[in-house]
Amino acid sequence: MIARGEERPMAAAGRARKGYTLIELLIVITILGIAGAMVIPPFSSTDVLKAQGAVRTIVADITIAQSDSIALQRGRGIVFDLTSGSPSYTIAEVNGNALDTNLDHLVTRRLGGPDFGFSNFTACTFPSNTLVFDELGGPVDAPGSSNPANAAYIDITGSGQAFRINVEGYTGRVTITNVPASPAPGPNP
């Protein structure tokens, strides 16, 4: 029998341990730090993701314009502005043989700035920087034309990357390829 005031050895050991040891906490924090480093992308790569977002936005808008032309049986045109300080493009409805981006404007997208990784258009092979879809969703060489367009592309660069958005002739199939980025201009010696 245990006398009053005496405690059992097991009960005393169980009550004495009410927290974690420093070693246990350090091990858990280290494991969480390693897991976090593997899951969270480095902050330097967020600009890369923004430039890729610009490419995805353009491809989505091309696809939507093509789908609209089929669904509504009305031509759609996308005019790429390579000359302004802020790269942009406008989607407009084709009426007859004309594509008036002021009168038949549907949407304008601006790509420059931090939201899209300071992306910029560097080359365009669409005739007059304009991609036109007929009422059946096929790319044509001009508004109101029934002549199928040749395959063409637009290049976009941003955050040290360069992409080419290809639009196939006849089908309008859109593909993306990486192209070598031109080196950034450096200081003159």
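Each chain carries its own residue numbering, running from 1 in the direction its sequence is written. Since the coordinates come from a predicted model, pLDDT governs what is reported: local features require at least 70, and pairs of side-chain atoms require 80 or more to be given and counted, while whole-chain, interface and lining totals use all residues. The side-chain quantities take in all heavy atoms of the structure and omit both hydrogens and water.

Student: Could you clarify how one ought to interpret the environment of glycine 169 in this entry?
Tutor: Put simply, DSSP marks the helices as runs of H or I at least four residues long and the strands as runs of E at least two long, and each gets a number from the N terminus on. Residue position: glycine 169 is located in the loop between strand E8 (161–167) and strand E9 (174–178). Each C-alpha atom of the pair glycine 169 and asparagine 150 lies 4.6 Å from the other, and the pair is 19 residues apart in sequence. Those residues within four positions of glycine 169 in sequence are excluded, and the remaining contacts are Pro139, Ala149, Asn150 and Ala151. Working rule for contacts: check all heavy atoms of both residues, and any pair within 4.5 Å makes them a contact.

Student: When you look at the sheet that holds strand E2 (residues 88–93) in this model, what are you seeing that I'm missing?
Tutor: Each strand in a sheet pairs with its neighbour through backbone hydrogen bonds, running either in the same direction (parallel) or in the opposite one (antiparallel). Here, any two strands with at least 2 DSSP bridges between them count as paired. On the basis of which strands lie adjacent, the open sheet formed by 5 strands has the order E3-E2-E1-E5-E6 and antiparallel pairing. Every other strand in the sheet has two partners, leaving strand E3 (105–110) and strand E6 (139–140) as the edge strands with one partner each. Summarising the sheet, strand E1 (residues 76–81) and E2 pair through 6 bridges and their orientation is antiparallel. Across the sheet, the residue bridging to isoleucine 78 is isoleucine 91, located in E2.

Student: Got a minute to help me understand the confidence of the model for the protein in this structure?
Tutor: The predicted coordinates should not be examined in detail at positions where pLDDT is low. Per-residue confidence for the protein gives a mean pLDDT of 83; residues scoring 70 or more make up 82%. One confidence number per residue, pLDDT, is output by the predictor and ranges from 0 to 100. Scored below 50 in pLDDT, residues 184–189 shows 0 contacts in the model against residues more than four places distant or in partner chains.

Student: Explanation requested: the packing of aromatic side chains in the structure shown.
Tutor: How two aromatic rings sit relative to each other is set out by the distance from centre to centre and by the angle between their planes. When two rings of Phe, Tyr or Trp (its six-membered ring) have centres within 6.5 Å they constitute a pair, described as stacked for plane angles under 30 degrees, edge-to-face for angles over 60, and tilted for the intermediate range. Applying the stated criterion to the full structure yields 3 aromatic pairs. Each ring, one from phenylalanine 80 and one from tyrosine 89, has its centre 5.7 Å from the other, and the planes form 40°; the classification is tilted. Here phenylalanine 80 matches tyrosine 89 in class, with each residue buried. Pairing phenylalanine 80 with phenylalanine 121 gives two aromatic rings, centres 5.6 Å apart and planes at 85°, and the pair type is edge-to-face. Highlighted residues: phenylalanine 80 in strand E1 and phenylalanine 121 in strand E4 (residues 120–124), separated in sequence by 41 residues. The classification of residues rests on relative accessible area computed with a 1.4 Å probe and restricted to protein chains. Under 20% of the type maximum is buried, over 50% is exposed, and intermediate values are partly exposed. A relative accessible area of 3% places phenylalanine 80 in the buried class. Here the aromatic residues Phe80, Tyr89, Phe121 and Phe126 are joined through ring pairs into a cluster of three or more.

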